[in-house]
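Chain by chain, the residues run as shown.
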Amino acid sequence: MRDSLKDRVRQKLQRQLAEDGPDPERDDTRGISVSDDLEALEMVPADDPLVEELAQRYLVF
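Notes on the structure in this doc start here. (Residues numbered from 1 in each chain as written. Predicted model: local features only at pLDDT ≥ 70, side-chain atom pairs only at ≥ 80, totals over all residues. Heavy atoms only, no water.)

On to helix α2 (residues 29–42), then. Counted at 1.5 Å a residue, the expected span for α2 with its 14 residues is 20 Å, and the 20 Å between its end C-alpha atoms agrees. For α2, the complete set of buried residues consists of Gly 31, Val 34, Asp 37, Leu 38 and Leu 41. Down the axis of α2, the buried side of the element spans an arc of 125°, and every buried residue falls inside it. Along α2, the residues that are exposed and aim more than 90 degrees away from the buried face are Thr 29, Ile 32 and Glu 39. Buried positions along α2 lie against α1 (5–20) and α3 (49–57). (Helix = DSSP H or I, 4+ residues; strand = E, 2+ residues; numbered from the N terminus. Expected span 1.5 Å × (residues − 1). Buried < 20%, exposed > 50% of the residue type's maximum accessible area, 1.4 Å probe, protein only. Arc of directions from axis to C-beta. Contact = heavy atoms within 4.5 Å.)

Now the structure itself:
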């Protein structure tokens, strides 16, 4: 069974957060942005245009 686009975007965002990790030396605006996008993704259905927008933003194919 293939993962849906929403599943692939979720996995990419979670991986991005895990790989970047927190940086105690400075504000992590990128991490906050990725977290916000992940939260928004969870609030929409799989066919919402936001899923496609996030897929394009994070280069998920």
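Looking now at the packing of α1 against α3. Following both chains from N to C, one finds α1 and α3 inclined at 45°, their axes separated by 10 Å at the closest point. Looking at the two axes, α1 sits oblique to α3. Judged by the twist between their axes, the crossing of α1 over α3 is left-handed. Contact residues: Leu 5, Lys 6 and Val 9 in α1; Val 51, Glu 52, Leu 54 and Ala 55 in α3. Along the lines of polarity and charge, the residues of the contact of α1 with α3 split into five nonpolar, no polar and two charged. (Axes fitted to C-alpha atoms, helices over the stretch in contact; angles between N-to-C directions. Parallel < 35°, antiparallel > 145°, perpendicular 65-115°, else oblique. Left-handed = near helix turned anticlockwise from the far one by under 90°. Nonpolar A, V, L, I, M, F, W, Y, C, P; charged D, E, K, R; others polar.)

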